[in-house]
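Commentary on secondary and tertiary structure
If you want the building blocks of each chain, they are given just below.
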Amino acid sequence: MDGQRYLQNGFNVLADGLKRAGWSQVTANEAPNRKNHTFAHTPYMYSGGERGGPLATYLVSASKRSNFKLWLNTSVRRLVREGGHVTGVEVEAFRDGGYKGVVPLTAISGRVILSAGTFGSAKILLRSGIGPKDQLDIVKNSALDGPTMIGSEKWINLPVGYNLDDHLNVSSVHPSSRP
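The rules behind each value
Residues numbered from 1 in each chain as written. Predicted model: local features only at pLDDT ≥ 70, side-chain atom pairs only at ≥ 80, totals over all residues. Heavy atoms only, no water. Pairing = 2+ DSSP bridges. Helix = DSSP H or I, 4+ residues; strand = E, 2+ residues; numbered from the N terminus. Axes fitted to C-alpha atoms, helices over the stretch in contact; angles between N-to-C directions. Contact = heavy atoms within 4.5 Å. Patch = residues over 30% accessible without salt bridge, like charges linked within 9 Å, V, L, I, M, F, W, Y side chains within 5 Å. Areas by Shrake-Rupley, 256 points an atom, 1.4 Å probe, with all protein chains shown as cover. Salt bridge = Lys/Arg side-chain N within 4 Å of Asp/Glu carboxyl O. Buried < 20%, exposed > 50% of the residue type's maximum accessible area, 1.4 Å probe, protein only. Expected span 1.5 Å × (residues − 1). Polar contact = N/O pair within 3.5 Å; in protein donor to acceptor, adjacent residues only side chain to side chain.

With that settled, the discussion passes to the sheet that holds strand β5 (residues 74-82). Across the sheet, which stays open at both edges, the 3 strands sit in the order β5-β6-β7 with antiparallel pairing between neighbours. In this open sheet, the two edge strands, each paired with only one partner strand, are β5 and β7 (101-104). Pairs of neighbouring strands in the sheet enclose a mean axial angle of 30°, with direction left out of account. Of the strand pairs in this sheet, β5 and strand β6 (residues 85-93) are connected by 8 bridges, and their pairing is antiparallel. Bridging across to β6, S75 finds its partner in E92. Relative to β5, helix α3 (residues 117-127) is tilted by about 40°, and along the sheet it contacts β5 and β6.

Okay, here's the thing in structure tokens:
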């Protein structure tokens, strides 16, 4: 809660070595385009001195909105769209009490933010006919999604999933002469 990082000895040793090798220390979220020969502390979401994430930060403020509804046991299957305009979100229940159907978006001004993680967001886009043809062909030929996949004439060719890294990290081993 005091804004200080503690027990930074390991980080400091590595940071010193990287700096001597010509690398630059950045604040990751403030330098999103600097990815070559840079290093940073891992960004975390904190609230009240505790590490959290979307559930501990965004959900708390969103739940106070009058138009907010939390649907449990429900997942997004695909986006329903007309050309490049999303008109609805198809959801499915994965347990009892979940919702199934299409949630319509407000015409013209409706928006969707996909936040299903590195792999989940790409999966939703591919199921929606958005992505590279070779990957969309795989979805089209799958037993689960193939029968309901939109026609290839409506596909949007974008590089979804290419150069995909989930939590890119580099592991370093530093031998020591100590027993």
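A few words on a nonpolar patch on the surface. On the surface, a cluster of nonpolar side chains totalling about 290 Å² of accessible area is made up of F68, L70 and L72. Along the polypeptide, L70 turns up in the loop between α2 (58-62) and β5. On the basis of relative accessibility, which here comes to 54%, the residue L70 falls in the exposed class.

The subject of this paragraph is helix α1 (residues 9-20). Taking 1.5 Å of rise per residue, the 12 residues of α1 would be expected to cover 16 Å, and the 17 Å separating its terminal C-alpha atoms lies within 8% of that figure. Immediately downstream of α1, the backbone of G22 shows phi near 95°, a positive value.

By secondary structure assignment, the location of T74 is in strand β5. One polar contact links the side chain of T74 to the main-chain carbonyl oxygen of L72, over a distance of 3.0 Å. There is a polar contact of 2.9 Å between the side chain of T74 and the backbone nitrogen of Y99. Leave out the neighbours within four places in its chain, and T74 touches V91, E92, A93, F94, G98 and Y99.

Another aspect to go through is the pattern of salt bridges. All told, the structure shown has 6 salt bridges when counted by the stated rule. Taking the shortest distance from any N to any O, the salt bridge between R127 and D145 comes out at 3.1 Å. Of the two residues, R127 sits in helix α3 while D145 sits in the segment after α4 (133-140), which places them 18 residues apart along the sequence. This pair shows no difference in class: R127 is buried, exactly as D145 is. Note that D137 and K133 form a salt bridge whose closest N and O atoms lie 2.7 Å from each other. In this pair, D137 and K133 both sit in helix α4, 4 residues apart, roughly one turn of the helix. The exposure class of K133 is exposed, given its relative accessible area of 52%. Ionic contacts of the salt-bridge type, sharing partners, join the residues R77, E92, R127 and D145 into one network.

Purely geometric stuff here, so don't read any function into it on its own.
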